[in-house]
Amino acid sequence: MDLGKYGRFPSEALIGKRYNICYEIGKAGDLTPFVPVEDDQGTIEEQGLEEVASVTHDLQQQPTNDSFFDTNTSQQLSHEEIMQLRDQKGKSVISDLIQNSSTFELKNSYSKVKYIQRKQRKFSRWMRVLPVSTRTLTGHFMAREPAKILDLRLDSLGQMLNIANVQCGGKYLVVDDTNGLLLGAVVERACVAAESQAGTQILTVHEEHQFQPNLLKFFNFSESQLLSIFDLHAADCVPASLARTQWTNTQTDPQKLELYADKIEARKCKFNQKQDRRMEGRALYDEKNFNSLLIAMDAEKYTSESLIRAWLPSLQSGGSAVIFSSSKEALNAAFYFALHSDSCTDVRLTESFLRPYQTAEGRLHPFMTCNGHGGYILSLIKTIPAQ
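Residues numbered from 1 in each chain as written. Predicted model: local features only at pLDDT ≥ 70, side-chain atom pairs only at ≥ 80, totals over all residues. Heavy atoms only, no water.

Side note on the overall build of the protein
- A count of helices and strands for the protein gives 13 helices and twelve strands.
- Across the 387 residues of the protein, 39% fall into the buried class.
- Put simply, 73% of the contacts in the protein that link residues at least 6 apart link residues at least 24 apart.
- Here the protein has roughly 22300 Å² of accessible surface; of this, 50% comes from carbon and sulfur atoms. (Helix = DSSP H or I, 4+ residues; strand = E, 2+ residues; numbered from the N terminus. Buried < 20%, exposed > 50% of the residue type's maximum accessible area, 1.4 Å probe, protein only. Contact = heavy atoms within 4.5 Å. Areas by Shrake-Rupley, 256 points an atom, 1.4 Å probe, with all protein chains shown as cover.)

Next up, the structure:
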């Protein structure tokens, strides 16, 4: 695995390693445990900075940074010398940078810690191994390709799962335009977090030629967990009965039929399995007894009112429906339809807002930059009108 300036190492070196542990990448590609400053205050003491370890004591006696100006002259090492030090271990590089900084000793304790953290991130060759989950995937795509998941932020996704009351043993109808992120989050909460998938049935409806939730493969679900997912094309949900497609062999050459008999039989078996799952999905849809409906809609593909009209009858009485869109205007039509419908109650259209804070012992301060838009969520509860 090549991580650019942070180094490279064989992927086999990760086998048997623990998650959520930091590892420093050696020149030979070896991985050794590493503790950055933000994880362990003891690292500061190891670098000979015992005075920084007591950052929460005597706050009134701390010096200030009012007299510092960014003139880029406080570091006595040249750029070439720093680049040569990069091949050394991280702690050695940071120690040399501290010793050659003319303003480090004039900084207060907080600034010293932040200085060390910045230099560690820039010059230390280390990484943190994280497990793949809804949290890590959402954070990754929000930072790199937010449009791929419709700008669905983690807090908005959490609200959707909470409003829909996703739990083990439920039946859920999912319309997902986030490349499988919403579907994976439902499976993770209903099957993985509950440590059981008994009774859980999830039907996802799509309009693609082939069902391809690209992000679902990153969750590393087991085969038994994936069996709780049924997919159905939107055209197969029409009231007319769904006919089973029969296997048709297009190969007529006797020699090729004999030569590829095993491959043909394997393809036929796989085809029949897909047809079985397709019929099971249609049977699940025909029950119209879903506990919740979850929709992450692309405003360029659907209108929210058409989605509500199409899938709301599939919910059981008292079931929750929740629709996410990055645009408020895209949800207005469904909001007014539900507001004036006898089949909907507790209709709400809300905007998600999240302000992350940086915290440390004795300190609390919001991040200076953050994502200011979390999208909009339309939620409602289905009711049966009185006769």
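Some thoughts on the layout of surface pockets
- If you add up the space inside the largest pocket, you get close to 1000 Å³.
- Taken together, 28 residues form the lining of the largest pocket, with Gln210, Phe211, Asp231, Lys274 and Arg277 sitting closest to its centre.
- Of all the elements in the fold, those that place two or more residues in the lining of the largest pocket are helix H9 (223–226), strand E6 (229–233) and helix H11 (261–287).
- Among the elements that take part in the lining of the largest pocket, H11 stands out by supplying seven residues, more than any other.
- Tallied by class, the residues present in the lining of the largest pocket amount to ten nonpolar, nine polar and nine charged. (1 Å grid on protein atoms, 1.4 Å probe; cavity = no way out; pocket = protein on both sides within 12 Å on 5 of 7 lines; lining within 4 Å. Points joined across faces, edges and corners; volume = space filled by probe spheres on them. Nonpolar A, V, L, I, M, F, W, Y, C, P; charged D, E, K, R; others polar.)

Comments concerning the pattern of salt bridges
- Inspection of every chain in the model, using the stated rule, returns nine salt bridges.
- Here Lys171 and Glu287 are joined by a salt bridge, their closest N and O atoms 2.8 Å apart. A residue pair is termed long-range when its members are at least 10 positions apart, and Lys171 in strand E4 (residues 171–176) and Glu287 in helix H11 qualify at 116 residues.
- A network of salt bridges, in which partner residues are shared, links Asp177, Glu208 and Lys301. (Salt bridge = Lys/Arg side-chain N within 4 Å of Asp/Glu carboxyl O.)

Focus on the packing of aromatic side chains
- Tallied over the entire structure, the rule returns five aromatic pairs.
- Geometrically, the ring pair formed by Tyr285 and Trp311 is edge-to-face, given 6.1 Å between the ring centres and 80 degrees between the ring planes. A residue pair is termed long-range when its members are at least 10 positions apart, and Tyr285 in helix H11 and Trp311 in helix H12 (residues 304–311) qualify at 26 residues.
- For Trp311, a relative accessible area of 8% corresponds to the buried category. (Phe/Tyr/Trp six-rings, centres within 6.5 Å; stacked < 30°, edge-to-face > 60°.)

Quick notes on the sheet that holds strand E3 (residues 126–128)
- What the three strands build is an open sheet, ordered E2-E1-E3; its pairing is antiparallel. This sheet does not close on itself; its edge strands, each paired only once, are strand E2 (31–33) and E3. When strand polarity is set aside, the average angle formed by the axes of neighbouring strands in this sheet is 35 degrees.
- Direction of pairing for strand E1 (residues 22–25) relative to E2: antiparallel, over a ladder of three bridges. Within E2, the position partnered with Ile25 by the bridge is Leu31. (Pairing = 2+ DSSP bridges. Axes fitted to C-alpha atoms, helices over the stretch in contact; angles between N-to-C directions.)

Looking at the environment of Tyr172
- Along the polypeptide, Tyr172 turns up in strand E4.
- Separated by 148 residues in the primary sequence, Tyr172 and Ser320 place their C-alpha atoms 9.9 Å from one another.
- If sequence neighbours within four positions are ignored, Tyr172 has contacts with Ala164, Asn165, Val166, Gln167, Val186, Gln201, Ile202, Leu203, Phe290, Asn291, Ser292 and Leu294.
- Within polar-contact distance, the side chain of Tyr172 engages the backbone nitrogen of Gln167 at 2.8 Å. (Polar contact = N/O pair within 3.5 Å; in protein donor to acceptor, adjacent residues only side chain to side chain.)

Topic: the packing of helix H7 (residues 154–163) against helix H8 (residues 181–192)
- One can describe the packing of H7 onto H8 by two numbers: an axis separation of 11 Å at closest approach and a directional angle of 55 degrees. Compared by their axis directions, H7 and H8 come out oblique. In this structure, H7 crosses over H8, and the sense of that crossing is right-handed. Contacts from Leu157, Gly158, Met160, Leu161 and Asn162 of H7 reach H8 at Leu181, Leu182, Ala185, Val186 and Arg189. (Parallel < 35°, antiparallel > 145°, perpendicular 65-115°, else oblique. Left-handed = near helix turned anticlockwise from the far one by under 90°.)

Regarding the sheet that holds strand E7 (residues 290–296)
- The seven strands are arranged E6-E5-E4-E7-E8-E12-E9 in an open sheet whose pairing can be described as mixed. Where the open sheet ends on each side, the last strands, each with one partner, are E6 and strand E9 (344–351). Taking each pair of neighbouring strands and ignoring which way they run, the sheet shows an average axis angle of 15 degrees.
- The sheet strands contacting H8 are E4, strand E5 (201–206), E6 and E7, and the helix crosses E4 at an angle near 160 degrees.

Remarks on unusual backbone geometry
- Of note in the backbone geometry, Leu150 takes a positive phi value of approximately 60 degrees without being a glycine.
- Structurally, Leu150 can be placed in the loop between helix H6 (134–144) and H7.
- The exposure class assigned to Leu150 is buried, which follows from its relative accessible area of 13%.
- Of note in the backbone geometry, Asn220 takes a positive phi value of approximately 60 degrees without being a glycine.
- In this fold, Asn220 is placed in the loop between E5 and H9.
- With a relative accessible area of 61%, Asn220 lands in the exposed category.

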